[in-house]
Amino acid sequence: MSEAGLASDAAAGEVLLETVEMQTGYGDLRVVRDASITVRRGEITVLLGRNGAGKTTTLRGITGLNKVTGGSLRYLGEDITGIPAAKRVRRGISYVQEGKRVFHDLTVEQNLLLGGFSTGVGKRALAGSVEEIYELFPILAEKRMLAAASMSGGQQQMLAIGQALMAKPQLLILDEPSQGLAPGIVKEVMQRVHALKQTGIGILLVEQIVQDSVAISDRVAILEMGKTVLSKPASEVTVEAIQEAYFGSTA
Ligand code: ATP
């Protein structure tokens, strides 16, 4: 990524996203009762929790795909609780949903270009953005003219992340990028995600793989039955605290 893309020291650490006792769900079904999460610029916040705890639903509330029915959502100091999903994308919130959402029949480069389409910038700027993605993910440069379908699961995950970065987000939201990947590949994807911090964006990462994701994160939040039961700097979180949050103090 170019020097211009790097956050200044002053901007690093700025609060990008803050959900305050956010509630959301599906129709009348309230799945998330209190999501209180903070993401800062230049940092990764990992959101952990058991299957069905409401992690994906929380992300859907943040991105505007599900309606927020209580609490609030602040982004760059502004209340965005009620604004539509498309506006949130334009303000710099990019979301890579669970599973690989790339277009298999298109080439790697075509997939990336599609990711930048919403920015409305010209061909030259788009080509520049593609080159920045290739610097972050050299494997994508190698395979630029090949169909996405020809790539491995890990490579497709990197392409999906690259596609989201083409929209020039300030906040990148990743839902289980490790899903379906072999352990060795998970480590590589995590290292790539970690490196993205250098570009000055903030990352909200949902994961099932605790150790590898906490290792690259600055903050840890744990959701249990739709409620945030822990939210702390990663340096202050112990394995015991994670176990207790997952299994309860009586475990
Ligand atoms: P996982 O790690 O298994 O993806 P999660 O923590 O992301 O779990 P969610 O996918 O947010 O959990 O699901 C939380 C709850 O919401 C679950 O009980 C689930 O059955 C329910 N749920 C998910 N999607 C819908 C939907 N479209 N309509 C109704 N309920 C849903």
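Residues numbered from 1 in each chain as written. Predicted model: local features only at pLDDT ≥ 70, side-chain atom pairs only at ≥ 80, totals over all residues. Heavy atoms only, no water.

A.B. asks: Would you take a moment to explain the site of the ligand for this structure?
C.D. replies: Neighbouring the ligand are 14 residues; Gly 52, Lys 55, Thr 56, Thr 57 and Gln 208 lie closest to it. Note that a nitrogen atom of the ligand is positioned 3.3 Å from one of the side-chain N or O atoms of Tyr 26. Backbone polar atom of Ala 53 to an oxygen atom of the ligand: 3.1 Å apart, as the coordinates give it. Contact with the protein chains covers 59% of the free accessible surface of the ligand, which is 630 Å². For the shell around the ligand, the elements supplying multiple residues, two or more each, are β2 (29-40) and α1 (55-63). Among the elements that make up the shell around the ligand, the one with the highest residue count is α1 (three residues). Per-class residue counts for the shell around the ligand are four nonpolar, six polar and four charged. (Near = heavy atom within 4 Å. Polar contact = N/O pair within 3.5 Å; in protein donor to acceptor, adjacent residues only side chain to side chain. Areas by Shrake-Rupley, 256 points an atom, 1.4 Å probe, with all protein chains shown as cover. Helix = DSSP H or I, 4+ residues; strand = E, 2+ residues; numbered from the N terminus. Nonpolar A, V, L, I, M, F, W, Y, C, P; charged D, E, K, R; others polar.)

A.B. asks: For this particular structure, what's the right way to read the environment of Met 225?
C.D. replies: For Met 225, the position within the fold is in the loop between β9 (219-224) and β10 (227-233). C-alpha separation for the pair Met 225 and Arg 90, spaced 135 residues apart in sequence, amounts to 31 Å. The contact partners of Met 225, leaving out residues within four places of it in the chain, are Val 31, Arg 33 and Ala 53. (Contact = heavy atoms within 4.5 Å.)

A.B. asks: Can you walk me through the domain arrangement of the protein in this structure?
C.D. replies: Many structure descriptions define interface size as the accessible area lost when the parts assemble. When cut into domains, the protein gives domain 1 (11-92 + 170-251) and domain 2 (99-168). Each of domain 1 and domain 2 has a C-alpha centre, and these two points are 24 Å apart. Each partner contributes to the interface: domain 1 provides 14 residues, whereas domain 2 provides 13 residues. For the pair domain 1 and domain 2, the two sides together bury roughly 1100 Å², of which 73% comes from carbon and sulfur. If you look at where domain 1 meets domain 2, you find zero salt bridges. When residues of the side of domain 1 that touches domain 2 are traced back to their parent elements, those giving at least two are β7 (171-175) and α7 (183-196). The element best represented in the side of domain 1 that touches domain 2 is α7, accounting for six residues. Considered class by class, the residues forming the side of domain 1 that touches domain 2 number nine nonpolar, three polar and two charged. (Domains from an automatic or database assignment. Buried area = accessible area lost by both parts, 1.4 Å probe. Salt bridge = Lys/Arg side-chain N within 4 Å of Asp/Glu carboxyl O.)

A.B. asks: Could you clarify how one ought to interpret the side chain of Thr 58 in this entry?
C.D. replies: Position of Thr 58 among the secondary structure elements: in helix α1. Classification of Thr 58 by relative accessible area gives buried; the value is 0%. With residues near it in sequence (within four places) discarded, Thr 58 still touches Met 22, Val 32, Ala 35, Ile 37, Leu 47 and Leu 223. (Buried < 20%, exposed > 50% of the residue type's maximum accessible area, 1.4 Å probe, protein only.)

A.B. asks: Is there a simple way to think about a nonpolar patch on the surface in this case?
C.D. replies: A surface patch of nonpolar side chains, amounting to about 350 Å² of accessible area, comprises Phe 103, Leu 114 and Phe 117. For Phe 117, a relative accessible area of 67% gives the class exposed. (Patch = residues over 30% accessible without salt bridge, like charges linked within 9 Å, V, L, I, M, F, W, Y side chains within 5 Å.)

A.B. asks: Explain the packing of helix α3 (residues 108-116) against helix α6 (residues 153-165) to me, please; I cannot follow it from the model alone.
C.D. replies: When two helices pack together, their arrangement is captured by the angle between the axes and the distance separating the axes. In contact at an axis separation of 7 Å, α3 and α6 are set at 35° when each is read in the N-to-C sense. Regarding α3 and α6, the two cross each other, and that crossing is right-handed. On the side of α3, the interface is formed by Val 108, Asn 111, Leu 112, Leu 114 and Gly 115, while α6 contributes Leu 159, Gly 162 and Gln 163. When grouped by side-chain class, the residues that make up the contact of α3 with α6 number four nonpolar, four polar and no charged. (Axes fitted to C-alpha atoms, helices over the stretch in contact; angles between N-to-C directions. Left-handed = near helix turned anticlockwise from the far one by under 90°.)

A.B. asks: I keep staring at the confidence of the model for the protein and nothing clicks. Help me out?
C.D. replies: The predicted coordinates of low-pLDDT regions are not to be read in fine detail. Confidence in the prediction of the protein, expressed as mean pLDDT, is 90, and 93% of residues score 70 or more. Below pLDDT 50 for its whole length, residues 1-8 participates in eleven contacts with residues either more than four positions away or in separate chains. (pLDDT = per-residue confidence, 0-100.)

A.B. asks: Just to check I follow, could you spell out the pairing of β7 for this structure?
C.D. replies: Every regular strand shows the same layout, with side chains that alternate between the two sheet faces. For β7, the tally of buried residues reaches five of five residues, placing the bulk of the element in the interior. By the alternation rule, side chains of β7 split into Leu 171, Ile 173 and Asp 175 and Leu 172 and Leu 174, which are all buried. Note that strand β6 (residues 93-96) and β7 share four bridges and pair parallel. Looking at β7, one finds that Ser 94 is bridged to Leu 172. With five bridges connecting them, β7 and strand β8 (residues 202-206) associate as parallel partners. Its bridge partner being in β8, Leu 171 is matched across the sheet by Gly 202. (Pairing = 2+ DSSP bridges.)

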